[in-house]
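# Topology and contacts: notes
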Amino acid sequence: MTVETLMREEIMEGGLAGEPPRTIQWSSVFAGALAASAMSFILIGFGVAVGLGVSSASPSWRDASAALALLSGLYLIIQAIVSFGFGGYVAGRTTRSEPTLATIEDDGERRDGLHGLTAWALAVLAGAALLALLGAAAIDRSPMRSSASNTSAAEPLLSYELDKLFRAPRRAPNTDLREARAEAGRILMTSSSHSGVAPDDRTYLVQQVAAVTGLAAPDAEKRVDALIADAKTAINRARRNSIIVAFSVAAATLIGAAVAWAAAVAGGRHRDGEPLPNWMASANRFHRNPRAMPVP
């Protein structure tokens, strides 16, 4: 009984009771998040400058091929690897080491990796919040919010098709086509559905085009059929690009988490003057401290 009591007291005094609390150093986390955000802004800005984008407000987006969309998605993943790797390394390198974990390799790596992962999460949340604010501001300044009856989700996507649909050589100077364009846009949006444009909607659209443009019924019918096919192609292309963007963003974010963890572990190792772990041994050639290198 006495031996067991002494062992419990020793464990409480030198073990769990004497171990300092392990907390996250938020200064290192914020430094890593800022470094990742800055690097991501630079790389994304470069990609936009050279034309690596799967969506654009310019009408030239219609000429974007599937190869360009895939290349843009791949570049998004690469920039996430570089950005989050840089941010994770900064977070791990600037984290103060714990003396109590100096002899426990796994705990030290786990602590540095958690700092890199926290910096990754903070950078992702900051980027999402910034995009949400920019999107809300763009929507509030949009001229399409003038009235509910004139608002159509098809206007930014099918604006060129709607221009061609109601194109006329002569038109009264004060003709307001906003309501007609909005209604026609909502009809054209149904062209990508399984059933396509309903026959009564097609007939109504032919009547509207003939009334606005002054075309004969056969010519108006040909124009409507051609624009329905063009609208379906444009919607399918936009849907394809949206899928590529969503997949690329998700893949880049998840890969960035793993890269941030590994980079933070590498930063912690370089901070302590130690070689990289075995699963990162290929990068040990860049280590500058020969005393820390393992002896073969």
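The rules behind these values
- Residues numbered from 1 in each chain as written.
- Predicted model: local features only at pLDDT ≥ 70, side-chain atom pairs only at ≥ 80, totals over all residues.
- Heavy atoms only, no water.
- Helix = DSSP H or I, 4+ residues; strand = E, 2+ residues; numbered from the N terminus.
- Buried < 20%, exposed > 50% of the residue type's maximum accessible area, 1.4 Å probe, protein only.
- Contact = heavy atoms within 4.5 Å.
- Areas by Shrake-Rupley, 256 points an atom, 1.4 Å probe, with all protein chains shown as cover.
- Patch = residues over 30% accessible without salt bridge, like charges linked within 9 Å, V, L, I, M, F, W, Y side chains within 5 Å.
- Salt bridge = Lys/Arg side-chain N within 4 Å of Asp/Glu carboxyl O.
- pLDDT = per-residue confidence, 0-100.
- Expected span 1.5 Å × (residues − 1).
- Axes fitted to C-alpha atoms, helices over the stretch in contact; angles between N-to-C directions.
- Parallel < 35°, antiparallel > 145°, perpendicular 65-115°, else oblique.
- Left-handed = near helix turned anticlockwise from the far one by under 90°.

## Some remarks on the overall build of the protein chain
Counting secondary structure elements, the protein chain contains eight helices and zero strands. Here the protein chain holds 296 residues, and the buried ones make up 33% of them. If you take every contact in the protein chain between residues at least 6 apart in sequence, the share linking residues at least 24 apart comes to 69%. Of the accessible surface of the protein chain, which amounts to about 18,100 Å², a share of 64% is contributed by carbon and sulfur atoms.

## What about a nonpolar patch on the surface?
On the surface, Leu71, Leu74, Ile78, Ile81, Val82 and Ile255 cluster together into a nonpolar patch covering about 480 Å² of accessible area. Here Ile78 shows up in helix 3 (residues 66-94).

## Quick notes on the confidence of the model for the protein chain
Any residue range with low pLDDT should be treated as having predicted coordinates unsuitable for detailed reading. For the protein chain, the average pLDDT comes to 77, and 72% of its residues sit at 70 or higher. Ranking the elements of the protein chain by mean pLDDT puts helix 1 (residues 2-14) last with 45 and helix 2 (residues 26-49) first with 91. Of the regions scoring below 50 in pLDDT, residues 3-19 engages in six contacts with residues more than four places distant in sequence or in other chains. pLDDT under 50 marks residues 286-296. Its contacts with residues more than four places away, or in other chains, come to 13 contacts.

## What to know about helix 2
With 24 residues, helix 2 should cover 34 Å at 1.5 Å per step; its first-to-last C-alpha distance of 34 Å lies within 8% of that length. If you check which residues of helix 2 are buried, you get Ser28, Val29, Gly32, Ala33, Ala35, Ala36, Ser40, Leu43 and Gly47. Of the residues flanking the end of helix 2, it is Gly51, one or two places downstream, whose phi is positive at about 90°.

## Things to note about the packing of helix 3 against helix 8 (residues 217-271)
Running from N to C, helix 3 and helix 8 point in directions that differ by 25°, and their axes come no closer than 6 Å. Judged by the angle between their axes, helix 3 and helix 8 are roughly parallel. In the packing of helix 3 onto helix 8, the handedness of the crossing is right-handed.

## Things to note about the environment of Leu125
Within the secondary structure layout, Leu125 lies in helix 4 (residues 105-140). Owing to a relative accessible area of 60%, Leu125 belongs among the exposed residues under this scheme. Linking Leu125 and Ala33, residues 92 residues apart in sequence, is a C-alpha distance of 9.9 Å.

## Let's talk about helix 7 (residues 199-213)
The end-to-end C-alpha distance of helix 7 is 21 Å, a good match for the 21 Å that 15 residues give at a rise of 1.5 Å each. Tucked inside the fold, the buried residues of helix 7 contact helix 5 (159-165), helix 6 (178-189) and helix 8. Directly beyond the C-terminal end of helix 7, a positive phi value near 80° is found at Gly214.

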